[in-house]
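# Breakdown of the fold
Read off the chains here:
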Amino acid sequence: MTNENNSLLSSFTLPNGITLKNRVVMAPMTNFSSNQDGTVTDAEVDYYARRSSGVSMVITACTNVTPNGQGFPGEFAGYSDDFIPSLKQLASGIKEQGAKAILQIFHGGRQCPPDLVNGDVVSASNIPSEGEGNPVPRGLSEAEVEEMIEAFGETTRRAIEAGYDGVEIHGANGYLIQQFFSPHSNRREDRFGGSLEKRMTFPLAVIEKVKSVVKEHAKSPFIVGYRFSPEEPETPGITMDDTLALVDKLSDQGLDYLHVSLQDFHSTPRRGVDDLSNTRIHYLLEKIDNRVPLIGVGSIYSAEDAKKAFATGVPLLALGRELIIDPDWVQKVEAGKEDDIVTEIDKDRQKELVVPDPLWNAIINTPGWFPGV
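Residues numbered from 1 in each chain as written. Predicted model: local features only at pLDDT ≥ 70, side-chain atom pairs only at ≥ 80, totals over all residues. Heavy atoms only, no water.

Looking at an unreviewed UniProt entry, the protein carries the name NADH-dependent flavin oxidoreductase, with the source organism given as Cytobacillus gottheilii.

See the structure below:
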């Protein structure tokens, strides 16, 4: 095992005192594989368990905090106590293999397909996503915004009762929390919209609610993370300087980690900073200034990819699609067998890779989903 691998495989202690056995995390990925009633399937649990023995922490696919928050078919739900046994089944499957189990909590907002939410598509304002045929959402009333904040808290309580080690607040990828922060989707004139600072009100209120629930209900340290996307292509839209202002605020919220959502770890900003040649990760680490751990992610497949990413100074790395391709990635690095790591999907190994049919069909039928597909 090389020195670089040794660093990647070294333990790391989060701000709340929980120690992770290494620096490699399984990124949250939609798998389309839950039951129609919002409960997890055995195939889904098996899929996570297969990938939970090497990494230190598994962040699940998103779970919706209200019935009208479902963003995908085959998504497992967390909006009612009726789902606690289902949530527990998934947490147990992950933890039994030695990883910390983190439940990602979210609301799809204007990204929800109308047929999945009985036509009740909601957002910060009545602005549809750009593109043809996207539904026009209704803007949430101020009372409904308060109810939504409570819903994030209630799902956090369920995560605690189901045995999770933490939650990740999903403020990325254009979903509801990001919609409140974005000047494209948030045209409100009340306390939840307007200036950059006012557009932070909803995300910060969700964090405050989640933390208060943890303080009240968790009997041992419980991880609270927050995921964000650094930029939006729309105009108006979130720019890199907007995100740096948000991250500056998030770094002082007592969170256990921040998690940037990137397609490419080494990507550069499109606007909002003076020097567009520096990477987004560079700007984020500079702004955070060691106040909270940052999880980096984005097209990391080989051990060499991971070493280059880790060398930037991020304390934690998330692997997404690569852990579908090779669930034994961490174990191979531990054993000094980096050359045995598989970086292209093998279409004949679904059973061995323990990938549920709905996710496998998405992989095989979507050009560009993976290298080699």
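Having seen the model, we can carry on.
### Remarks on the overall build of the protein
Note the following rule: Per the convention used, a helix needs a DSSP run of H or I reaching at least four residues, while a strand needs a run of E reaching at least two, with both numbered from the N terminus. Each radius of gyration is computed over the set of C-alpha atoms, and the globule rule expresses the reference value as 2.2 Å times the number of residues to the power 0.38. Whether a residue is buried, partly exposed or exposed follows from its accessible area with a 1.4 Å probe, protein chains only, as a fraction of its type maximum: under 20%, in between, or over 50%, in that order. Throughout, a contact is declared for two residues whenever any of their heavy atoms are within 4.5 Å. Here the Shrake-Rupley method, with its probe set to 1.4 Å, supplies the accessible areas, and only the displayed protein chains count as covering residues. Think of it this way: Lys and Arg go in the positive column, Asp and Glu in the negative one, and His and the chain ends go nowhere. Here the site of a charge means NZ on Lys, CZ on Arg, CG on Asp, or CD on Glu.
The helix and strand tally for the protein stands at 14 helices and twelve strands. The C-alpha atoms of the protein give a radius of gyration of 19 Å, which matches the 21 Å a tight globule of 373 residues would have. Considering only C-alpha atoms, the protein reaches an extent of 55 × 50 × 45 Å along its principal axes. Per-residue burial over the protein gives 58% buried out of 373 residues. Restricting the contact set of the protein to residue pairs at least 6 apart, pairs at least 24 apart contribute 69%. Taken as a whole, the protein presents about 14800 Å² of accessible surface, with 44% of it coming from carbon and sulfur. One finds the centroid of the 35 positive side-chain charges in the protein at a distance of 3 Å from the centroid of its 54 negative side-chain charges.

### Some points on the side chain of arginine 188
Note on placement: arginine 188 falls in the loop between α5 (176-181) and α6 (196-199). Its relative accessible area of 10% is what places arginine 188 among the buried residues.

### Some words on the packing of helix α4 (residues 142-161) against helix α7 (residues 201-217)
Inclusion rule: Throughout, an axis means a line fitted to C-alpha atoms (over the contacting stretch in the case of helices), and angles, computed between N-to-C directions, take values from 0 to 180 degrees. Crossing handedness is defined as follows: a turn of the near helix away from the far one that is anticlockwise and smaller than a right angle gives a left-handed crossing, while the clockwise case is right-handed. Note on residue categories: nonpolar means Ala, Val, Leu, Ile, Met, Phe, Trp, Tyr, Cys or Pro, charged means Asp, Glu, Lys or Arg, and polar means any other residue, Gly included.
Where α4 contacts α7, the two axes come as close as 9 Å, and the packing angle between them is 35°. When the axes of α4 and α7 are compared, the crossing they make is right-handed. Residues Val145, Met148, Ile149, Glu150, Phe152, Gly153, Thr156, Arg157 and Ile160 of α4 touch α7, and the partners they reach there are Phe202, Ala205, Val206, Lys209, Val210, Val213, Val214 and His217. Its residues placed into classes, the contact of α4 with α7 shows eleven nonpolar, three polar and three charged.

### Concerning the pattern of salt bridges
The test is simple: Any carboxyl oxygen of Asp or Glu within 4 Å of a side-chain nitrogen of Lys or Arg constitutes a salt bridge here.
One pass over the full model with this rule turns up 19 salt bridges. The closest approach of N and O atoms between arginine 291 and aspartate 248, which form a salt bridge, is 2.7 Å. Of the two residues, arginine 291 sits in the loop between α9 (280-288) and β11 (294-297) while aspartate 248 sits in helix α8 (residues 240-250), which places them 43 residues apart along the sequence. In this structure aspartate 248 comes out as partly exposed when scored by relative accessible area, which is 32%. One connected set of salt bridges, linked through shared partners, spans Asp81, Glu154, Arg157, Arg158 and Glu161.

### Topic: unusual backbone geometry
Cis geometry is found at the peptide bond from threonine 235 to proline 236, where omega equals -5°. Structurally, proline 236 can be placed in the loop between β9 (223-228) and α8. Even without being glycine, phenylalanine 32 reaches a positive phi, approximately 60°. With respect to the helices, strands and loops of the structure, phenylalanine 32 is situated in the loop between β3 (24-26) and α2 (42-50). The phi angle at valine 354 is positive, at roughly 55°, despite the residue not being glycine. Looking at the secondary structure, you find valine 354 in the loop between α13 (350-353) and α14 (357-365).

### Topic: the nonpolar core
This is how it is decided: To form a nonpolar core, buried Ala, Val, Leu, Ile, Met, Phe, Trp, Tyr and Cys residues must be joined to one another through side-chain atoms within 4.5 Å.
Counting 98 residues, the largest nonpolar core has Phe202, Leu258 and Trp329 as the members making the most contacts within it. A total of eight residues in this core trace back to one element, the largest contributor, which is α7. Not counting residues within four places of it along the chain, the set of residues in contact with tryptophan 329 comprises Leu8, Val24, Tyr301, Ser302, Ala303, Ala306, Leu319, Glu322, Leu323 and Ile341. Counting residues in each nonpolar core, the second largest holds 15 residues, with Leu20, Met57, Ile223 and Tyr257 among its members.

### Concerning helix α10 (residues 303-310)
Operational definition: The arc refers to the directions leading from the helix axis to the C-beta atoms.
Turning to α10, its buried residues number three or more, namely Ala303, Ala306, Lys307, Ala309 and Phe310. An end-on view of α10 places all buried positions within 165° of arc, on one side of the element.

### Topic: α14
Inspection of α14 places Leu359, Trp360, Ala362 and Ile363 among the buried residues, and these make up the whole buried set. For α14, the angular spread of the buried residues around the axis is 160°, confining them to a single face. Those residues of α14 that are exposed and aimed more than 90 degrees away from the buried face are Asp357 and Asn365.

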